[in-house]
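The lines below spell out each chain.
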Amino acid sequence: MENKLNSSFTDAYIERCSKDTETMIANESSIFLNQPITYLKEHKNEFIYVESTLFEQIGVEGVSLEVDDVFGTYDVMLGLKLQKKFEKMLKEQLNNSLNGEEAKFDLMFSHDDGLWDLNFALNYMDGYKEDLSLNEAIQLIHQFLSQLVETVKVK
């Protein structure tokens, strides 16, 4: 993960939503992503949802980011368009890519929409630091998912 974070999310569609009701609180511009990631710790009742052509290009519909109420980690939730046959490789890559004893992920294939529902903690990714901006966190997630998809498809 030596690549510089340079992906541009200026075109991103961004929502701040209520965790309780999943209703949109506000539609935000990309300027909102300049906030520190700790914004989510200060607003634990919110999550942010981001859609971007950069995510679409790697088969990700959109990414949600929130603070886990129990563990205090930054949880990443998304739908990944990969065939079910990639399950073993996907799990192997996630196990190899996420660092730390507590580095867990949830991966479940949904036959209804043909997507992998994937949840993992940003805290266990290479490059994670507590002082990231939301933009840097989204870029890091994009980079991680790009490498994940590329590796799984090549194997």
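Observations regarding the confidence of the model for the protein
With 95% of its residues at a pLDDT of 70 or more, the protein shows a mean pLDDT of 91. Throughout residues 1-5 the model reports pLDDT below 50, and contacts reaching past four residues in sequence, or to other chains, amount to nine contacts.

Quick look at unusual backbone geometry
Even without glycine at this site, Glu22 takes up a positive phi of about 60 degrees. Along the chain, Glu22 turns up in the loop between strand 1 (13-18) and strand 2 (24-28). The class for Glu22 is exposed, based on a relative accessible area of 62%.

Topic: the sheet that holds strand 1
If you walk across this open sheet you meet the seven strands as 2-1-3-4-5-7-6, and the pairing is antiparallel. The open sheet is flanked by strand 2 and strand 6 (105-110), the only strands paired with a single partner. Geometrically, the sheet is characterised by an average inter-axis angle of 15 degrees between neighbouring strands, direction not taken into account. Both strand 1 and strand 3 (residues 46-51) contribute to a ladder of six bridges, which runs antiparallel. Looking across to strand 3, one finds that Cys17 is bridged to Phe47.

Definitions and cut-offs
- Residues numbered from 1 in each chain as written.
- Predicted model: local features only at pLDDT ≥ 70, side-chain atom pairs only at ≥ 80, totals over all residues.
- Heavy atoms only, no water.
- pLDDT = per-residue confidence, 0-100.
- Contact = heavy atoms within 4.5 Å.
- Helix = DSSP H or I, 4+ residues; strand = E, 2+ residues; numbered from the N terminus.
- Buried < 20%, exposed > 50% of the residue type's maximum accessible area, 1.4 Å probe, protein only.
- Pairing = 2+ DSSP bridges.
- Axes fitted to C-alpha atoms, helices over the stretch in contact; angles between N-to-C directions.

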